[in-house]
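Listed below are the residues making up each chain.
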Amino acid sequence: MSKIAIVYWSGTGNTEMMAKEVAAGAQAVGGDVSIFHTTEFSADSAAVFEKFALGCPAMGAEELEDSEFQPLYEKMKPALAGKKVALFGSYGWGGGEYMTPWKEDAVAAGLNLVDEPLAVENAPDDDAKAKCQELGKALALA
C-alpha cells in the first residue's frame, strides 16, 4: 500500500484530533501512515510519500493559517501535482467557507482530490470522527 503523509497545523487541537482520525481510517484498511505537524515536515520530504492528507483550520477571515501551513503548502504544491490528496480542517464561526477556495487552488495546482474536503465545526464529535476515518479510508484505497 502507498505511503501516506498526514500534514496538519492546529491551533486549538481540533484539527490535530481530525488528523489522528484520518490516520486511523487509513490504517484500518492497511495504509502506511505517518503524521506530521507542519513544523515536522518540509516540502523536500514530500517526494517520499505517494498520498497526502492536508489539515488546516480556518483562521482570520476564513483563510488558511498563514505563518506555518500556507507557506509549507505553497512549497509542497509542485511535488503534490498528480498525487492523491485529501483536505480537512476545523472552523469556529465562518461555516467552513475557507474550504472552497482551498479546494479550487488545489485542483488548479493539479492535486488529485480523492473526496470532497472535510470541514468540521469546532472539536470533532463522534459523527465528525467517523467522517474523518472515512476520508482516511478513501485516501488509502484511492
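Scroll up for the structure.
This is a predicted model, so every value here is computed, not measured. (Residues numbered from 1 in each chain as written. Predicted model: local features only at pLDDT ≥ 70, side-chain atom pairs only at ≥ 80, totals over all residues. Heavy atoms only, no water.)

Draft legend 1. Structural detail: helix α4 (residues 126-141). For α4, with 16 residues, the first-to-last C-alpha span of 23 Å sits near the 22 Å given by 1.5 Å per residue. Of the positions making up α4, those classed as buried are Ala128, Cys132, Leu135, Gly136, Leu139 and Ala140. Buried residues of α4, viewed axially, fall in a sector of 135°; they line one side. Summarising the geometry of α4, the exposed residues directed more than 90 degrees from the buried face are Asp126 and Leu141. Of the residues that open α4, the one with a side-chain oxygen 3.2 Å from the backbone nitrogen of aspartate 127 is aspartate 125. (Helix = DSSP H or I, 4+ residues; strand = E, 2+ residues; numbered from the N terminus. Expected span 1.5 Å × (residues − 1). Buried < 20%, exposed > 50% of the residue type's maximum accessible area, 1.4 Å probe, protein only. Arc of directions from axis to C-beta. Polar contact = N/O pair within 3.5 Å; in protein donor to acceptor, adjacent residues only side chain to side chain.)

Draft legend 2. Structural view of the state of the cysteines. Within the structure shown, the criterion is met by 0 disulfides. Cysteine 56 takes part in no disulfide bond, and the closest cysteine sulfur, belonging to cysteine 132, lies 14 Å away. On the accessibility criterion, cysteine 56 (0% relative accessible area) is buried. By relative accessible area, which is 0% here, cysteine 132 ends up buried. (Disulfide = S-S within 2.5 Å.)

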